[in-house]
Amino acid sequence: MEKQIEEMAWDLCDIPRHPSIKSCEQCGNKHCHAMYYAERACNAGYRKQKEGHWITRAASYECSECGEEIDVDNPEDYDPVSDYDLRFCSSCGAKMKGGAE
């Protein structure tokens, strides 16, 4: 969960990232409360949403995150996100890339 907190803190922090800064705690802003708020959010159950993509198989699409397969006809001829409205995996909830985002 530490990685999740660190990623959320980076998203919350309004200081631009610099290559030499490896963690939010090193940003140098003594008044930055991003780590505090990120930890509170994680402890309350909030999580950063997973992102994935559909892998085209012979007769299905497979979620890159959990391996769930959705059976479809002619998967090569269609875009799973825009043509089949598969913007999220029904198994793990990952937001899928592709289509008209």
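Note: the structure precedes this text.
Just so it is clear, the structure is predicted and the values come from calculations on it, not from any experiment. (Residues numbered from 1 in each chain as written. Predicted model: local features only at pLDDT ≥ 70, side-chain atom pairs only at ≥ 80, totals over all residues. Heavy atoms only, no water.)

Comments concerning the sheet that holds strand β2 (residues 54-56)
Line of reasoning, step 1. Strand order in the open sheet formed by 3 strands is β2-β3-β4, and the pairing between neighbours is antiparallel. The sheet is open, and its two edges are formed by β2 and β4 (69-71), each paired on a single side. Geometrically, the sheet is characterised by an average inter-axis angle of 30° between neighbouring strands, direction not taken into account.
Line of reasoning, step 2. Taken together, the 3 bridges between strand β3 (residues 60-63) and β4 define a ladder with antiparallel strand orientation. When the sheet's bridge partners are listed, E62 is paired in β4 with E69. (Pairing = 2+ DSSP bridges. Helix = DSSP H or I, 4+ residues; strand = E, 2+ residues; numbered from the N terminus. Axes fitted to C-alpha atoms, helices over the stretch in contact; angles between N-to-C directions.)

Regarding the packing of aromatic side chains
Line of reasoning, step 1. The tally for this structure, following the rule as stated, stands at 3 aromatic pairs.
Line of reasoning, step 2. For the pair Y36 and Y37, a centre-to-centre distance of 5.2 Å together with 65° between the ring planes defines the contact as edge-to-face.
Line of reasoning, step 3. Judged by relative accessible area, Y36 falls into the partly exposed class, the value being 46%.
Line of reasoning, step 4. Seen from their ring centres, Y61 and Y84 are 6.1 Å apart, and the 65° between their planes marks the pair as edge-to-face. Highlighted residues: Y61 in strand β3 and Y84 in the loop between β4 and β5 (95-96), separated in sequence by 23 residues.
Line of reasoning, step 5. A relative accessible area of 0% means that Y61 is categorised as buried.
Line of reasoning, step 6. We classify Y84 as partly exposed; its relative accessible area is 32%.
Line of reasoning, step 7. The rings of Y61, Y78 and Y84 are connected pair by pair, giving a single aromatic cluster. (Phe/Tyr/Trp six-rings, centres within 6.5 Å; stacked < 30°, edge-to-face > 60°. Buried < 20%, exposed > 50% of the residue type's maximum accessible area, 1.4 Å probe, protein only.)

Considering unusual backbone geometry
Line of reasoning, step 1. Of note, the phi angle at N74 is positive, near 50°, even though the residue is not glycine.
Line of reasoning, step 2. Summarising the element assignment, N74 is placed in the loop between β4 and β5.
Line of reasoning, step 3. Of the residues examined, N74 reaches a relative accessible area of 46% and is grouped as partly exposed.
Line of reasoning, step 4. At D85, a position not held by glycine, the phi torsion is positive, near 55°.

Notes on the pattern of salt bridges
Line of reasoning, step 1. Applying the stated criterion to the full structure yields 2 salt bridges.
Line of reasoning, step 2. We note a salt bridge from E62 to R57, for which the minimum N-O separation is 2.8 Å.
Line of reasoning, step 3. The exposure class of E62 is buried, given its relative accessible area of 17%.
Line of reasoning, step 4. Judged by its relative accessible area of 37%, R57 falls in the partly exposed class. (Salt bridge = Lys/Arg side-chain N within 4 Å of Asp/Glu carboxyl O.)

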